[in-house]
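Examination of the molecular architecture
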Amino acid sequence: MAGLYDRDSEVKAFDEMKIGVKGLVDAGITHIPRIFHHSPHVTVENPIKPSSTVVIPTIDLGGGMFESTVTRENVVAEVRDAAEKFGFFQVIKHGIPLDVMEKMKEGTRGFHEKDTEVKRGFYSRDITKKVKYNTNFDLYSSQAANWRDTLTTVMAPDVPRAEDLPKICGNIMLEYSKQMMKLGELIFGLLSEALGLEPNHLRELDCAKSLSLLSHYYPPCPEPDRTFGISSHTDISFITVLLQDHIGGLQVLHDGCWIDVPPNPKALIVNLGDLLQLISNDKFVSVEHRVLANRSEEPRISIASFFMHTIPNEQVYGPIKELVSTQNPPKYINTTTTELARHYLARGLDGASPLLHFRI
Ligand code: OGA
Ligand code: NI
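Notes on the structure in this doc start here. Keep in mind it's a predicted model, so treat the numbers as computed, not measured. (Residues numbered from 1 in each chain as written. Chains lettered and ligands numbered in written order. Predicted model: local features only at pLDDT ≥ 70, side-chain atom pairs only at ≥ 80, totals over all residues. Heavy atoms only, no water.)

Observations concerning the overall build of the chain
- Within the chain one finds 10 helices and 14 strands.
- In terms of overall dimensions, the chain is globule-like: its C-alpha atoms have a radius of gyration of 20 Å, near the 21 Å expected for 360 residues.
- Referenced to the eigenvectors of the C-alpha coordinate spread, the extents of the chain come out at roughly 55 × 45 × 45 Å.
- Considering the chain as a whole, with its 360 residues, one finds that 53% of them fall into the buried category.
- Within the chain, contacts between residues separated by at least 24 positions form 78% of all contacts whose residues are at least 6 apart in sequence. (Helix = DSSP H or I, 4+ residues; strand = E, 2+ residues; numbered from the N terminus. Rg over C-alpha atoms; globule rule 2.2 N^0.38 Å. Buried < 20%, exposed > 50% of the residue type's maximum accessible area, 1.4 Å probe, protein only. Contact = heavy atoms within 4.5 Å.)

What follows is the structure, given as structure tokens:
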């Protein structure tokens with residue numbers, strides 16, 4: 001248990017090996033190191049609802065071409081309902097070709113399965129680095145580490161050169177991101193209308209301008225009941241669009257229960273982040289989610305597209321003035337992505353919501 005051993009030095013020793021969680025699995029470990037042990041109460045705190053009883057909404061975007069069968073008005077109403085009730089929804093016919101999604105997962109797997117020496121060249125915890133590979137971005141601040149490695153790449157507004165990205169996945173990352181930026185514009189348009197604003201409102205606030213890809217690799221875990229793939233958290237972004245493979249394990253907290261988000265090869269999952277909660281003055285809320293440690297024999301791959309500014313960024317955000325009134329005064333002070341990220345990093349994924357710090 002935490003506290004009974006020199007956790008800091010074990011964390012540091014693991015980090016300095018620069019091999020990630022995958023390196024431990026490749027070394028043949030059968031027990032996970034104690035820096036990965038979560039307190040037992042975390043794993044049993046919230047009941048799990050059988051996935052059949054509640055499902056997150058699936059919204060057909062009609063390829064972004066709204067017509068008589070899929071009208072924009074209907075889609076906006078579905079988005080509003082899903083955003084208010086779940087903070088999470090899946091989209092289908094979202095315009096990103098299936099083969100691009102498949103290749104993105106393959107490229108991510110390819111990178112993580114490269115030789116340690118190749119990956120070491122990218123290993124870093126420098127928050128200003130635009131291309132980096134590491135394990136547990138919050139390794140030094142969280143209570144317990146998670147069974148996951150991540151390649152993080154900033155893709156917009158400054159588009160990286162293919163040669164700055166890992167060779168095995170650079171081209172597909174550029175293609176996927178180009179398509180994701182288009183989808184982002186569409187979703188932020190729908191979210192603006194769902195908030196009762198002009199369709200361009202969120203885009204004009206630069207919510208759709210910046211994109212980072214978090215390309216995750218969750219190796220099989222020898223003791224999946226002692227840890228997580230990613231512990232319960234809300235995303236700091238405006239929104240995150242998640243592509244997950246067929247393994248499963250993603251869960252969302254809804255009405256106090258964890259519900260499964262079963263894999264759907266055609267769907268992308270949209271979740272609302274803390275920055276959107278702040279600017280919408282709590283009309284839309286960011287939702288807790290987590291990924292169980294991978295209990296299958298194969299790795300789990302997912303790619304999270306974070307729409308948020310690259311840190312450091314000084315653009316100021318506060319509750320949108322059209323969404324506040326004397327009856328509904330601002331609930332947050334103005335802040336920047338840099339400030340929000342500072343609180344997020346300091347506490348780690350398993351800490352309290354960074355939004356609390358900015359609440360009036
Ligand atoms: C994240 C996240 C879920 C997943 O990157 O913030 O929640 O399935 N990822 O990888
Ligand atoms: Ni997340």
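Next comes the rest of the description.
Remarks on the sheet that holds strand β3 (residues 131–135)
- One open sheet holds the 8 strands; their spatial order is β1-β2-β10-β7-β12-β5-β4-β3, and the pairing between them is mixed. Both edges of this open sheet fall to β1 (58–60) and β3, since each of them pairs with a single strand only. With strand direction ignored, the average angle separating the axes of adjacent strands in the sheet is 25 degrees.
- Two strands pair when backbone bridges link them, and strand β5 (residues 211–218) and strand β12 (residues 300–307) are joined in this way by 8 bridges, in the antiparallel orientation. Looking at the pairing, L211 lines up with F307 of β12.
- In the packing of helix α5 (residues 98–112) onto the sheet, contacts are made with β3, β4 (149–156), β5, β7 (239–244), β10 (268–272) and β12, and the angle to β5 comes to roughly 65 degrees. (Pairing = 2+ DSSP bridges. Axes fitted to C-alpha atoms, helices over the stretch in contact; angles between N-to-C directions.)

Here's the deal with the pairing of β7
- The element β7 is largely enclosed, with a buried count of 6 among its 6 residues.
- Of the two faces of β7, the one carrying I239, V241 and L243 and the one carrying T240, L242 and Q244 are both buried.
- By the bridge criterion, 4 bridges tie β7 to β10 in an arrangement that is antiparallel. Looking across to β10, one finds that I239 is bridged to L272.
- The pairing of β7 with β12 spans 6 bridges and is classified as antiparallel. Its bridge partner lying in β12, Q244 is registered against S302.

Observations concerning the nonpolar core
- Grouped together as the largest cluster of nonpolar side chains are 87 residues, with contacts concentrated most on Y176, L191, I239 and L268.
- No other element matches the 11 residues that helix α7 (residues 170–194) contributes to this core.
- Grouped together as the second largest cluster of nonpolar side chains are 14 residues, I19, V21, I32 and I35 included. (Core = buried A, V, L, I, M, F, W, Y, C linked by side-chain atoms within 4.5 Å.)

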